[in-house]
Structures are given as structure tokens and as C-alpha cells.
Amino acid sequence: MNRAIFLLITACSFSVGFAQTVTISGLVKDNNTAIAIPYVNVVVKNQKDSTFVAGTITDDEGRFRFTGIAQGHYYFEYSFVGFVTKRQTLFVGSLASFLDVGAIALTEDTKKLDEVVVVGQQDAVSEKLEKKIFSVADNLSQSGGSVMQAMQNLPGVTVQDGKVLLRGNDKVAVLIDGKQTALTGFGSQSGLDNLPASAIEKIEIINNPSAKYDANGNAGIINIIYKKNKQEGFNGKAGFALGAGALWVRQENLPTIRPQYQVTPKINPSLSLNYRKNKINAFFQGDYLYTETLNKNEFVTRNYGDTAIINQQTKRNRNTAFTTLKSGIDWTIDHANTLTISGLFGSEKIIDNGDEPFFNGKTGERLRLWQFLEDELKTTIMATAAYQHKFKEPGRLLNVGFNYTFHREDERYFFTNILPTFTGLDAFKLISDESVYDFNADYIRPLRYGRLETGVKFRKRQIPTNMLFIPGLNSPLDVNAGGIAVYNEVIPAAYGNYVFESEKIEAEVGLRFEYVKIDYEVDPNNPVYKTSGYDYNQPFPNMRFAYKFDDNRKVSLFFNRRVDRPNEVDIRVFPKYDDAEIIKVGNPALRPQFTNSVELGFKNNWAKGYFYGALYHRFADGTITRIASTVPGSTLIYAIFQNAGKSFNSGFEVTLDQEVTASYRVNINANVYHNQINAFSVENLYPQRSIFSAPLQEVTSWNLKINNFFKFGGKSEAQLTAIYLAPDIIPQGKIAGRFSLDVGVKRQIQKGKGELFLNATDLLNTLVMKKEVIGLGFKYTSTDYYETQVVRLGYNYKF
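Note that residues are indexed from 1 along each chain, following the sequence as it is written. For a predicted model such as this one, the threshold for reporting local features is a pLDDT of at least 70, and the threshold for listing and counting side-chain atom pairs is 80 or more; totals across whole chains, interfaces and linings nevertheless cover every residue. To get the side-chain values, take all heavy atoms of the structure and skip hydrogens and water.

1. Considering the overall build of the chain
Okay, step 1: Looking only at helices and strands, the chain features 3 helices and 44 strands.
Okay, step 2: Relative to a compact globule of 799 residues, whose C-alpha radius of gyration would be 28 Å, the chain shows 29 Å and is just as compact.
Okay, step 3: Counting only C-alpha atoms, the chain reaches 105 × 60 × 60 Å along its principal axes.
Okay, step 4: Note on exposure labels: buried denotes an accessible area under 20% of the residue type's maximum, exposed denotes more than 50%, and partly exposed covers the range between, all computed with a 1.4 Å probe on protein chains only. For the chain, buried positions account for 53% of its 799 residues. Numbered from the N terminus, helices here are DSSP runs of H or I no shorter than four residues, and strands are runs of E no shorter than two. Based on C-alpha atoms, the radius of gyration is set beside the globule rule, defined as 2.2 Å times the residue count to the power 0.38.

2. Re the sheet that holds strand β7 (residues 98–106)
Okay, step 1: Here, strands pair whenever DSSP counts at least two bridges between them. Reading across from one edge, β4-β1-β7 is the order of the 3 strands in this open sheet, with mixed pairing throughout. The open sheet terminates on both sides in strands that have one partner only, identified here as β4 (63–69) and β7. Looking at each pair of strands side by side, their axes are set apart by 20° on average, direction ignored.
Okay, step 2: One ladder, built from 7 bridges, connects strand β1 (residues 22–30) with β7; its direction is parallel. Counterpart to T23 in the pairing with β7 is F98. Where helices are involved, their axes are fitted lines through C-alpha atoms of the stretch in contact, as for all axes, and angles between N-to-C directions lie from 0 to 180°.

3. A closer look at the sheet that holds strand β8 (residues 131–135)
Okay, step 1: The mixed open sheet is built from 4 strands, whose spatial order is β8-β12-β13-β11. The open sheet terminates on both sides in strands that have one partner only, identified here as β8 and β11 (172–176). Each adjacent strand pair in this sheet contributes to an overall mean axis angle of 15°, direction not counted.
Okay, step 2: Relative to strand β13 (residues 220–226), β11 runs parallel, the two being bridged by 5 bridges. For I176, the partnering residue across the bridge sits in β13 and is I224.

4. A few points about unusual backbone geometry
Okay, step 1: Of note, the bond from Y686 into P687 is cis; its omega dihedral lies within 30 degrees of zero at -5°.
Okay, step 2: One non-glycine residue, N765, adopts positive backbone phi at about 60°.
Okay, step 3: Following the sequence through the fold, N765 ends up in the loop between β41 (754–761) and β42 (769–775).

5. Notes on the packing of aromatic side chains
Okay, step 1: In summary, the pairing rule links any two rings of Phe, Tyr or Trp, Trp by its six-membered ring, whose centres are within 6.5 Å, and it sorts them by plane angle into stacked for under 30 degrees, edge-to-face for over 60 and tilted for everything else. Evaluation of the coordinates by the stated rule reveals 29 aromatic pairs.
Okay, step 2: The interplanar angle of 45° and the centroid separation of 5.0 Å between the aromatic rings of Y404 and Y437 together place this pair among those described as tilted. Highlighted residues: Y404 in strand β20 (residues 397–418) and Y437 in strand β21 (residues 423–447), separated in sequence by 33 residues.
Okay, step 3: Aromatic pair Y638 and Y686: ring centres 5.8 Å apart, planes at 80°, arrangement edge-to-face. Placement of Y638 in strand β31 (residues 637–643) and of Y686 in the loop between β34 (680–684) and β35 (690–694) is noted, with a sequence separation of 48 residues between them.
Okay, step 4: Y638 gets classed as buried once you look at its relative accessible area, which sits at 9%.
Okay, step 5: Accessibility expressed as a relative area gives 5% for Y686, which makes it buried.

6. Points about the side chain of D578
Okay, step 1: Turning to its location among the elements, D578 is positioned in the loop between α3 (568–571) and β27 (582–585).
Okay, step 2: On the basis of relative accessible area, D578 is assigned to the buried category, the value being 10%.

7. Structural notes on the confidence of the model for the chain
Okay, step 1: Averaged over all residues, the pLDDT of the chain is 88; the fraction at 70 or higher stands at 93%.
Okay, step 2: Scored from 0 to 100, pLDDT reflects the predictor's confidence in each residue. We call two residues in contact whenever any of their non-hydrogen atoms come within 4.5 Å of each other. Taken as a whole, residues 1–19 scores under 50 in pLDDT and shows 68 contacts with residues more than four places along the chain or in a different chain.

8. Brief notes about the pattern of salt bridges
Okay, step 1: Whenever Lys or Arg places a side-chain nitrogen within 4 Å of a carboxyl oxygen from Asp or Glu, that contact is recorded as a salt bridge. Taken as a whole, this structure holds 46 salt bridges when the rule is applied.
Okay, step 2: One salt bridge connects K315 with D355, and the closest N-O pair in it is separated by 2.7 Å. Within this pair, whereas K315 is found in strand β17 (residues 309–334), its partner D355 is found in strand β18 (residues 337–360), the two being separated by 40 residues in sequence.
Okay, step 3: K349 is the partner of D375 in a salt bridge, and the nearest nitrogen-oxygen pair spans 2.5 Å. With D375 in strand β19 (residues 366–390) and K349 in strand β18, the pair connects residues that are 26 residues apart, well separated along the chain.
Okay, step 4: In this structure D375 comes out as partly exposed when scored by relative accessible area, which is 25%.
Okay, step 5: When salt bridges with common partners are traced through the structure, they connect D214, D438, K457, R459, R512, E514 and R565 into a single cluster.

9. Details of the nonpolar core
Okay, step 1: Definition used in this section: a nonpolar core is a set of buried Ala, Val, Leu, Ile, Met, Phe, Trp, Tyr and Cys residues joined via side-chain atoms within 4.5 Å. Grouped together as the largest cluster of nonpolar side chains are 53 residues, with contacts concentrated most on W370, F415, Y577 and Y686.
Okay, step 2: In terms of nonpolar packing, the next biggest core, distinct from the first, is built from 28 residues, A150, V164, I176 and M382 among them.

10. Quick word on the pairing of β34
Okay, step 1: Burial along β34 is one-sided: F680, V682 and N684 are buried, while S681 and E683, pointing the other way, are not.
Okay, step 2: The pairing of β34 with β35 spans 5 bridges and is classified as antiparallel. Across the sheet, V682 pairs through a bridge with F692, a residue of β35.
Okay, step 3: Taken together, β34 and the strand that follows it, β35, pair antiparallel across an intervening segment of 5 residues.

11. What to know about the environment of G55
Okay, step 1: Mapping G55 onto the fold places it in strand β3 (residues 52–57).
Okay, step 2: For the pair G55 and N41, spaced 14 residues apart in sequence, the C-alpha separation works out to 7.5 Å.
Okay, step 3: Sequence-distant contacts of G55, that is, excluding residues within four places in its chain, are made with V42, V43 and F66.

12. A few points about a nonpolar patch on the surface
Okay, step 1: A cluster of nonpolar side chains, L247, W248, V263, V745, L758, V791 and L793, forms an exposed patch at the surface whose accessible area comes to about 600 Å².
Okay, step 2: Within the secondary structure, L758 is located in strand β41. Two joining distances apply to patches: 9 Å for like charges and 5 Å for nonpolar side chains (Val, Leu, Ile, Met, Phe, Trp, Tyr), and every residue must have over 30% relative accessible area and no salt bridge. Methods summary: accessible areas were calculated by the Shrake-Rupley approach with a probe of 1.4 Å, and residue burial reflects only the protein chains presented.

13. Some words on the environment of A103
Okay, step 1: Relative to the assigned elements, A103 resides in strand β7.
Okay, step 2: Those residues in contact with A103, other than ones at most four positions away along the chain, are L27, K29 and R448.

14. Details of the pairing of strand β36 (residues 697–712)
Okay, step 1: Two elements, strand β33 (residues 664–677) and β36, share 14 bridges in a ladder whose sense is antiparallel. Across the sheet, residue Q676 finds its bridge partner in β36, namely E698.
Okay, step 2: Connecting β36 to the antiparallel partner strand β37 (residues 716–725) that follows it, the hairpin turn spans 3 residues, and G713 within it adopts a positive phi of roughly 70°.

What follows is the structure, given as C-alpha cells:
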């Protein structure tokens, strides 16, 4: 009982570990002359029984190198004619990919060698308990869908309102191959629902990032790793998936609007090619994802007390065509230098046809019908150059990289505003061109008792945006709010990170220092907002301390300080009218949110499973949240981002993974957390100056995921996933509980080269989003029957 209680109290984030081996290097020299000695015999033996493990001789420079050494206790013997044989005890830990034992001095004098313990730390691996690593191919129930859909079943991850949440928090930084890009957003996440999962090799969830990562994203980092093969010769993989969603109507439309989408098609072809010969490795990954989706089908009742009750529906039929192409070359210049040049192209075409009818809740009379067509094209181009120099000592590296990203957002809205006495035709056009320049240099050096990482980074980012409103008869658009705005961002940063490991103790200390300067130039004719900006110099420390009870049990303590900078769309001054009476507006006065977090964790491995969990606490200042409010004499609701003051997020996450039989494995993940936002008051400027106040808001919520994995006869696999999300708080309100069941099967054919898969998400069609929001003078409740049930059939072939 005491042990069980200890496991629950000392829980840490879920992680997937991988067995690994280590490369060990060193230099042998003469103790008297300090000259390197070539051709010295170096033998590795097991410390327990002196059995031979590996052997080599030093090269012309006196250096030696061993690869493939497993974790354990060893001793090295150095022998050469004319010198006394020397013995060195060596402990190989679980964190280091490379260990450098340094210079070994041989002497003619007889001298007993003191024991030397050598340890190190590998580059951001799950053994540190800070990261979860998931193979997309293993997520059978989401094959053929988007990256966001692939994340729905991952332990510790929830998806809500098109955002990924880690432990109930959506402040997540999303990287592609370790870099921020416009495809997935700089600072805040975007685009995950349309990025094809077929392009992705694996997904890393980093709850406790080290100082080498950018400081933004207080909830953690999601790193999406693209597919890339390095096998010799020509090889590749082709795939094709078909699907259908919205198989039946869950809620009939309100009267007088166009039909909602049914039996929506999904098409996902993909192709991966790789050619490797001699010093050149060329790679290509191409994916296309076409979907028709009932993207939103929300029924809302807005109650203004004795003044009015309004019933509305927001129905959005969406067509999306997303193309991603990534290609590049790895050039091994020589044994010490490599150069990678790659490019990525992304094109996302979105067509939305929407209807919003508004009815008097007391009389049933239709007050208004708002119909819209959104025609949006997002284009992304990214070019990357990465150079790596390997020093003579294995594991000592210099990485230098440059990354350029261009992202265009070309958005056009056309509205038909139908009222009892007239029909108006309105429109707006928005062009936004984003240019980002990133430079980084990182140096890694294995040490006798650890590893040193240090580096610098510089980013320059500019986003000019032009909004043009085209009003019609009696237009409801705020035509004076258009014009030009320019976002400028400059961030130089430097970091250092040191890791120490002994047989029982692991420690990591890092510090990242960032200078940030943001300028937001607003059109001088804007009637509400003016040019603004901010800058800061801030340190972002991270610390980790771990104690290993034995090879199977480890406890870890983490501390992190991170920041969430407002993204450009969060401060964009132009009102958005995809909902005619709940209008979203940015806030250029928004400032960064700083968060400190602590986490205590424990992991226990056994032969066919493990227990792993986390006890965590985050406290934030300047909490960024969206505020819904009205102005006197109007029923329109304005949703505006604000800094709400202090907030807290505390909880624990536990995971149990067990192979029950040779054909069945289960993974159970539970997360219980308490969210609290302290009472606050803010000033809204749009559409007119007003004060908004909110009382303390708090809730305890939880979620549960059970992933069941089955194997049948060695060639067939299946996955059944059950997810329950308990009621939770949202800004000014709450969201009801949700449940879904996903299933997937796959079978290998054609001697393992081919693969068939069939899956269904939200099999029982039970996933419905219900919300309640309370503001000053109003209350609204909503139920969204958006498309969640999708069935897919696909085929992959490796060659």
C-alpha cells in the first residue's frame, strides 16, 4: 500500500523509452612527454565477470573509439610494450549517446589507477522523462487523416475547438523537424487539422523542454518529425486512402437555410522517395489531402434577460485541399562534414459555404439570415540549409543552420445579409505576407562527467497585412476598421545547458536568455487602435534532478520558466465576420504571458510494462484569454483577447502500459487537473471603451484514455481507443463532458511490402461540443454537432 501511494504521489509525464547503445572514445598519451601513443591495445571487459566485450588499437593520433556498448559496468585495459598496463573502471549510463573518457596517460612507473566513473547525457531523449515519442504508423485508428486527428488518441493530449491541449492547456509551441514554421504557427499552433498525417514519421510531446528550445509554449512543445529514409539505393513508399464522414444528420437545420453536408469524401494519396549512393542522400515526400467536412454545425441560444432571446445556427460546409511537398539532399562532404539543403512547399485551399439564421426566441420570427462564402488560399515556402561538423572526438558537434519561411494568407469573404426589408451584399479581402529569417548555431561536447550544449539563435519576422472592406446596402461591417497593419519581430537568443550523470544521480541545469522586440504599426486612420509594441530582456532557466533507485525505477524533479508571446493574429486589429453576431477582434495592447512550472515524477519499468506519471503545478502571470462582452444598446458579442492576470494549473497524470498476453497490450492514461483564473478587470477598446470584470473561476477536471492493441497471427493488428473528457472551464464559462470510441485495423500483405488499413473515428457518433458562456448582461449556450465520425480505407506499399 505504501508503495502504491508513493507511486501516485510521485508521478511524472508519460514517456516512451527506447533501448540504446553508446559510442565511447578517448586518447592515449605518454605521461612524461604528453605525446600521443599509436597502436595501444584497448580492451573492454565486463566488470562483473571479466568477460571480453570489445577490443581495438589506437590510431596514428593515439585515439580510439568503440560503438555499440550497452548500459552497464565495465573496465578498460590499456597495454603497450614498454608501458605499464593500466585499468580504468567505467560506468555507462542510459542518457549518453557519446562518452569521452578524455586523455589516458601511460607511464613506465608502477602506479595504481584510481577508479574513474564516466557518465553523460544524450541529446533530448525520452530516458530523461521529459518527452513522449509516438510513431504515427502505430496509431491505427487515425491512419489517413490529419496530424491533429492523429494526436487525439495520444496519452496526455486532448483536442478542443481546433486546438491541441497538453494537460488542459492550449499554450503549445508546434515545431516541424525541430523548427517553427508558418505551416503550424510561430508561437501559437495552427494548421494541424489540415496537415496530412501520412507525411509524418513520429510526434514528440515535450512537457519539460530544455534551454536549447525556444522559450515560448508554457504547456510544452509538439515536435512533428517528417518521414526521411536513408537506406542505400533507391527506395520509397506509396499510399492511398479514401474516407467518408457525416454519415447521417445528427441535428436538423433551423428553417430556411441550405442543406448541411452529408457523406463527405476524404482523399489522401502520398508518396515518399529516397535515393542514397556514396556521399549523396536525396529525399522527397509528397502528400495531398482533400476533404469535405461539416466543419461547424453549432446551435446557440443567446439570452439577454428581459430584453431579448435569440436562437441561431452556424452551419459551415468546408472543402479543403492541402498539398505538401518536401525535398532535399544530404551531402556527406567528408567523414567530418555534412550539408543538408531542403525545401518545403505547402498549399492550403479552403472554400467555406456558411449559413447563419437568427430567430426571435420568444416569437419564432426569423430576424436575419447571414450567408457567407469564404475563399482562402494559404501558401507556404520554406528553404533550409543545415551544416554539421564532427570533431575528432565522437559526439562533439557543431551545427549551423539557416531557415527562411514565406507564408501568404489570401482570404476573401462574400456575405449576403438578408433582413425582412432588404438584402445587402458585403465583402472583405485580406492579404497577409509573412517573412521569417532564422539563424542558429549549436555546439555539443561530451564531457567526462556529462555533456555541454550551448548555442545562439536570431530571428527576424515581418508580417504586413492589408484589409479591405467592401460594404453593401446598410452594411453591418465596420468599414473604418480596415487598412494596413505591419507586425515586426526581432529575437536574438543565447543558451547554455549542462547535464551530469552518475550511477545514481542525474542533474541538468540550463539557461536561455532572450531579447524580444515587437512593433505593431497600425493604420493611422484606424478609429480605435494605435501603433504599439513592447520589448523585454528575460532569462528562462530550466533544471532537472533525478535519482535512480535501480535500472528500472527513477524519480525526477523539473523546473521551467517559459513565455507565451501574443501571435500576430491575436493582436490583429481587423474584426472577423465569419460569425455575424459573435465578432472576433485582436488586441494590439496584448502582452506576453510568463509561466513557471514545477513537476515531480516517477517511472517504474518491469518485464512487460511500466508505470509512469507526473505531479505538476504551473502558475502564470498575464494570462492570455479571450473575453466576450457587449456594448450598451446592442446584442452583438465581441470576443477580444486580453491579459487576465494570474492563473494556475495543477494536477497529476498517470500512465500504465502492460503487455497482458503476446497478442494483447493495453495503455491506460489518466489526467486530473485543477484550473483557476483569479478575478480580474480589463478595459476593452473595441468597438467602444468599456470595463469588463470577472470573478474567480476554477474547476477540477479530468480525462481518461484507454488504448487497446491487438495482434493476430503476426500479420494483422488492431487498435481500440476509448476517450472520456470530463467537464472543464473555458473563458467565462464551461464545456460539458465528451466521449468517443475509435477503432482501427491493418494487415500486412505482399510479403510485408503492402499494408491494408481500415479505421473509424468516433464510431458511436457521440462526440458533441456543449458550452455555456456568461457575460455582463447576457448568457449563451451552444451545442455543436460538427463532423466527428469518419470511416477510412487505405493501402500502403513499400519498395
